[in-house]
Amino acid sequence: MSAHSPLSSLKTYFAVWIALLAGTALTVVAAQIDLRPFNAAVALTIATIKATLVALFFMHVKGSSERLTKLVVISALFFLLILLGLSMSDYATRSWS
Amino acid sequence: MSDSQVAAVQGEVHDPGLRHHFAEREQQRDASSLGMWVFLATEVMFFGGMFCAYLIYRRMYFGEFAAASQTLSWKLGATNTAVLICSSLTVVLAVWAAQTGRRTMLIGNLVLTIILGLVFLGIKSIEYKEKFERHHVPGASFEFHEIIPGHHQQYANPQHAQIFFALYFVMTGLHALHMIIGIGLFIYLLLMSWKGRFTPEYNTPIEIGGLYWHFVDIIWIYLFPLLYLIDLHK
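Remember, predicted model here, so these are calculated numbers, not experimental data. (Residues numbered from 1 in each chain as written. Chains lettered and ligands numbered in written order. Predicted model: local features only at pLDDT ≥ 70, side-chain atom pairs only at ≥ 80, totals over all residues. Heavy atoms only, no water.)

Trainee: I tried to follow the overall build of chain A on my own but got confused; where do I start?
Mentor: Scanning chain A for helices and strands turns up three helices and zero strands. Going residue by residue from the N terminus, the α and β elements of chain A occur as α-α-α. Here the C-alpha atoms of chain A give a radius of gyration of 18 Å, more than 25% beyond the 13 Å that 2.2 N^0.38 yields for 97 residues. Buried residues in chain A amount to 33% of all 97 residues. (Helix = DSSP H or I, 4+ residues; strand = E, 2+ residues; numbered from the N terminus. Rg over C-alpha atoms; globule rule 2.2 N^0.38 Å. Buried < 20%, exposed > 50% of the residue type's maximum accessible area, 1.4 Å probe, protein only.)

Next up, the structure:
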């Protein structure tokens, strides 16, 4: 917030808002098209881009003066990845034996 | 000698908006913000467990999940997504208004946020009502007679479809609970703003409340495609 002029951050907020609405429309359209195994991947990619936009610009992770904020965000994502990644690799490989 | 140490020494000329255990406003603000982020990290793990359960069962019973997902209205889900995205914009505008000392804009955006939050819950309640009417609520009266999308004449196993609806109600229900808490927080922030408690120097509660609201929005951004849009093309 502090590094930018107030009006330029307003422009950013509206641009992000438009991008989020466009992303929602895109997810709905992509779901109607048969992309074989990639439907879920496309939906999750769009959702992740939208979530990143919200975190960076609306939650001010980008330009945050406090570096500890970034540390908390990254460690939360890291442990979420362990939770989902290790659980799913277990279930995905159970039929191997 | 840094500014913070100087400020700590000059304790006698005390800034009334500064708690005595903080050296300066900036430090006080950063501590509050960090506290909220740590709470949100615990929320990530809390919802993460449910997303994990969802992924495991979706992989096991994909056909039933697709059949059950298609009984939901993606139009209502998409509308609610747009409503939440708009509310995130009004929240960030409220934070901006508080930081730049625009009282009317702050109050207006807080009111809009509360209204959009209520619209979201209203649409959600329409969806829940429909689930009750169609006996899609897990439990003794659960019924499910749908064909698996893309498989001719193969009916979905109701037991497995029930798992989808259990996850649907737990995940959207806990999300809705977060929305209700968020609306409560914003009503409080609105009252404080009305009393003129926030200034460009002190607006941390608005900022912290905003962080919470955006987090709840992010959860919905994932819930929408995962619950409403499974195999929609079939």
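Trainee: Looking at this structure, how should I read the pattern of salt bridges?
Mentor: One side chain can pair with another of opposite charge once the charged atoms of both are near each other. Residues and elements named next belong to chain B. Counted under the stated rule, the structure contains ten salt bridges over all chains. The salt bridge partner of Glu 207 is Arg 29, with a shortest N-O separation of 2.4 Å. Of this pair, Glu 207 sits in helix H7 (residues 204-228) while Arg 29 is found in helix H2 (residues 25-60), placing the two residues 178 residues apart along the sequence. Of the residues examined, Glu 207 reaches a relative accessible area of 13% and is grouped as buried. Of the charged contacts in the structure, one is a salt bridge between Glu 130 and Arg 134, with a shortest N-O distance of 2.8 Å. Look at Glu 130 and you get partly exposed, because its relative accessible area is 25%. Judged by relative accessible area, which is 34%, Arg 134 ranks as partly exposed. Look at the salt bridges and you will find they share partners, linking Glu 130, Lys 131, Arg 134 and Glu 146 into a network. (Salt bridge = Lys/Arg side-chain N within 4 Å of Asp/Glu carboxyl O.)

Trainee: Would you mind going over a nonpolar patch on the surface with me for this structure?
Mentor: Together, A:Phe78, A:Phe79, A:Ile82, A:Leu86 and B:Met45 line one region of the surface with nonpolar side chains, adding up to about 480 Å² of accessible area. Ranked by the residues each element gives to the nonpolar patch, the list is headed by helix H3 (residues 67-92) of chain A, at four residues. Position of B:Met45 among the secondary structure elements: in helix H2. (Patch = residues over 30% accessible without salt bridge, like charges linked within 9 Å, V, L, I, M, F, W, Y side chains within 5 Å. Areas by Shrake-Rupley, 256 points an atom, 1.4 Å probe, with all protein chains shown as cover.)

Trainee: I'm lost on the layout of surface pockets in this one. Help?
Mentor: One way to see where empty space is left: roll a probe the size of a water molecule over the atoms. Empty space within the largest pocket amounts to approximately 1200 Å³. Along the wall of the largest pocket there are 47 residues; nearest its centre are A:Leu44, A:Thr48, A:Leu80, A:Leu84 and B:Tyr222. Breaking the lining of the largest pocket down by element, the ones donating at least two residues are helix H1 (6-32), helix H2 (39-58) and H3 of chain A together with H2 and H7 of chain B. Considering only residue class, the lining of the largest pocket consists of 36 nonpolar, six polar and five charged. (1 Å grid on protein atoms, 1.4 Å probe; cavity = no way out; pocket = protein on both sides within 12 Å on 5 of 7 lines; lining within 4 Å. Points joined across faces, edges and corners; volume = space filled by probe spheres on them. Nonpolar A, V, L, I, M, F, W, Y, C, P; charged D, E, K, R; others polar.)

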